[in-house]
Amino acid sequence: MNPVHVGAGVRSWPGLDDTFRETTAELSNAATVRFRTHVAETLHDIRGKPCSVGQPVLIKPEYGRKLVRFAKAYHNAVETIVRAWSTDDAVRRMLSAPTSLQHDMELDYNAANNHIHLCRLDLHLDPAGGFQVLETNANCPGALMSSGHAGALWREFLSPLGMPIPAPLDHELTGWMARWFIELATIETGSPPDFVALLRESGGNRLELPGLASELKRAGIDALEMDPRTVKQTPTGEAIVNGQRIRHGYLKLGIKRFARMRVDIDPFMSAVRRRTIFVQNGLHGRFVGDNKLCLAILSDPTFRYLFPDKILDAIGDHIPWSRGLAHCVDADIKHIRRNRSAFVLKRPFDTRGRGVIVGRGVATDSAWADAVERARRAGWLVQQFVETTELETDPFGNDTRRHDLSLGLINGKLSGAFARSGNDLRLNLARSGRLHPVFIEL
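Residues numbered from 1 in each chain as written. Predicted model: local features only at pLDDT ≥ 70, side-chain atom pairs only at ≥ 80, totals over all residues. Heavy atoms only, no water.

**Student:** Can you lay out the pairing of strand 4 (residues 195-199) for me, pointing to particular residues and giving the numbers?
**Tutor:** A regular strand places its side chains so that they alternate between the two faces of the sheet. In terms of burial, strand 4 is largely enclosed, as 5 of its 5 residues are buried. What you see with strand 4 is no split at all: F195, A197 and L199 on one side and V196 and L198 on the other are buried throughout. Sheet analysis places strand 4 next to strand 5 (residues 222-226), joined by 5 bridges and oriented parallel. Note that in strand 5 the partner of L198 across the bridge is E225. Traced from strand 4 through helix 8 (residues 209-218) to strand 5, the parallel crossover comes out right-handed. The pairing of strand 4 with strand 9 (residues 248-251) spans 3 bridges and is parallel. Its bridge partner being in strand 9, L198 is matched across the sheet by Y250. (Buried < 20%, exposed > 50% of the residue type's maximum accessible area, 1.4 Å probe, protein only. Helix = DSSP H or I, 4+ residues; strand = E, 2+ residues; numbered from the N terminus. Pairing = 2+ DSSP bridges. Right-handed = clockwise from strand over helix to strand, strands pointing away.)

What follows is the structure, encoded as structure tokens:
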């Protein structure tokens, strides 16, 4: 075991265009202040909650093209893991599903449910121009819609000022998310949707659902938020809610909550397995692809046999040292306990920064040792701590924050991007992170 330390003494990521950043940071007149307020209010309407928004950043062409190539290869690799889960015992031991969902996974023989249609990659960046994957959100990734709206608003604001801005990514385009879902649902089911069930826990996380409902309505398609527990099945296996047949659904439900709710959603799960109701990413794509322990498989040489050499060559430099704690030998566990500043512990299915323990944020060595032991028993991921670069968010360098980069993928195609900045070791928007639209020159 010899993880390489990445990013000591980091400052800026060379993939960002400094001239663009400096020019936008200097825009501080009254009109700009009103505009920033307008962006924040617009995102509040879309997300259903407040969101701190910063100025956009521009990624240089050579870095943009590299991200596009990497995203395609990485998506291929994770889908390979999804397919392998059904037949490879070593993969299944590493990626054990929550107990309440295990039976559903074993009953799901349909290869069509092995795809990851929509996902998000969160990257930390290093001052040499590299980047490392921290996690894959293949369940119901947030902020792709709202960041696209923010980017489109900034584009409209900056263009009259003569700022050169590259062509927009898909998520900036009007109606992007509804159009993507309609096309996907039509391909997957053979018929276009006339109604879409926006499936979430009653009172739970909505995030992109208000915006998606508005987009679907503009496309002439009815949509309604509903709880999966309200779904019933007819004797022929069709999914219905209050007597209405449901064939297409967008599922917005955290996997831990999914597991706790499982006892109450037999009809819904049966319909998804049988594909009488279609939801993005299916079951395997969702429950396997979203598991943070996929990074252990991508990092551990033991699993090289799963992937073609060209995929390993494309992603190898961008996977931090990662292992399943439950599978680490005692010598590795001792090393992890003694070097808390070098490691992070992650619960496999948590979101929004929960279930993440950053070693250098733990007060004492003994508290860290206890955390490692608990995480080992519970089967968490241990990952090398990767410092990320910093972003100067005003022209005088008085507000310098850590930042990451998130990539939104549709079937492996880079379709959206945003950055998050903050002073916390965890940059999630659900915590203290600030959203920055990202323009990419390809």
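**Student:** Hey, could you go over the pattern of salt bridges for me, with residue numbers and the actual values?
**Tutor:** Going through the model one piece at a time under the given rule, you end up with 27 salt bridges. Here E172 and R155 are joined by a salt bridge, their closest N and O atoms 2.7 Å apart. Of the two residues, E172 sits in the loop between helix 6 (144-158) and helix 7 (176-189) while R155 sits in helix 6, which places them 17 residues apart along the sequence. Each of D104, R262, D266 and R273 takes part in a single network of salt bridges with overlapping partners. (Salt bridge = Lys/Arg side-chain N within 4 Å of Asp/Glu carboxyl O.)

**Student:** Can you tell me about the packing of helix 7 against helix 8, naming the residues and giving the values?
**Tutor:** Two elements in contact, helix 7 and helix 8, have axes whose closest approach is 8 Å; the angle formed by their N-to-C orientations is 70 degrees. Judged by the angle between their axes, helix 7 and helix 8 are roughly perpendicular. Facing helix 7, whose interface residues are W176, M177, A178 and I182, helix 8 presents L212, E215 and L216. Class assignment for the residues of the contact of helix 7 with helix 8 results in 6 nonpolar, no polar and 1 charged. (Axes fitted to C-alpha atoms, helices over the stretch in contact; angles between N-to-C directions. Parallel < 35°, antiparallel > 145°, perpendicular 65-115°, else oblique. Contact = heavy atoms within 4.5 Å. Nonpolar A, V, L, I, M, F, W, Y, C, P; charged D, E, K, R; others polar.)

**Student:** I'd love a proper account of unusual backbone geometry, names of residues and values included.
**Tutor:** Across the chain, the bulk of peptide bonds are trans and the bulk of non-glycine residues have phi less than zero. One non-glycine residue with positive phi stands out, namely N242, at about 50 degrees. Mapped onto the elements, N242 comes out in the loop between strand 7 (239-241) and strand 8 (244-245). Accessibility expressed as a relative area gives 82% for N242, which makes it exposed.

**Student:** Requested: an account of the confidence of the model for the protein chain, with residues and values cited.
**Tutor:** Taken over all residues, the pLDDT of the protein chain has a mean of 89, while the share at 70 or more is 94%. Low confidence marks residues 2-10, where pLDDT is under 50. Its contacts with residues over four positions away, or in another chain, come to 17 contacts. (pLDDT = per-residue confidence, 0-100.)

**Student:** Could you give an account of the environment of A185, naming the residues involved and the relevant values?
**Tutor:** Mapped onto the fold, A185 is located in helix 7. We classify A185 as buried; its relative accessible area is 0%. For the pair A185 and K72, spaced 113 residues apart in sequence, the C-alpha separation works out to 22 Å. If near-sequence neighbours (up to four positions away) are discounted, A185 is found in contact with G190, S191, P193, H248 and F278.

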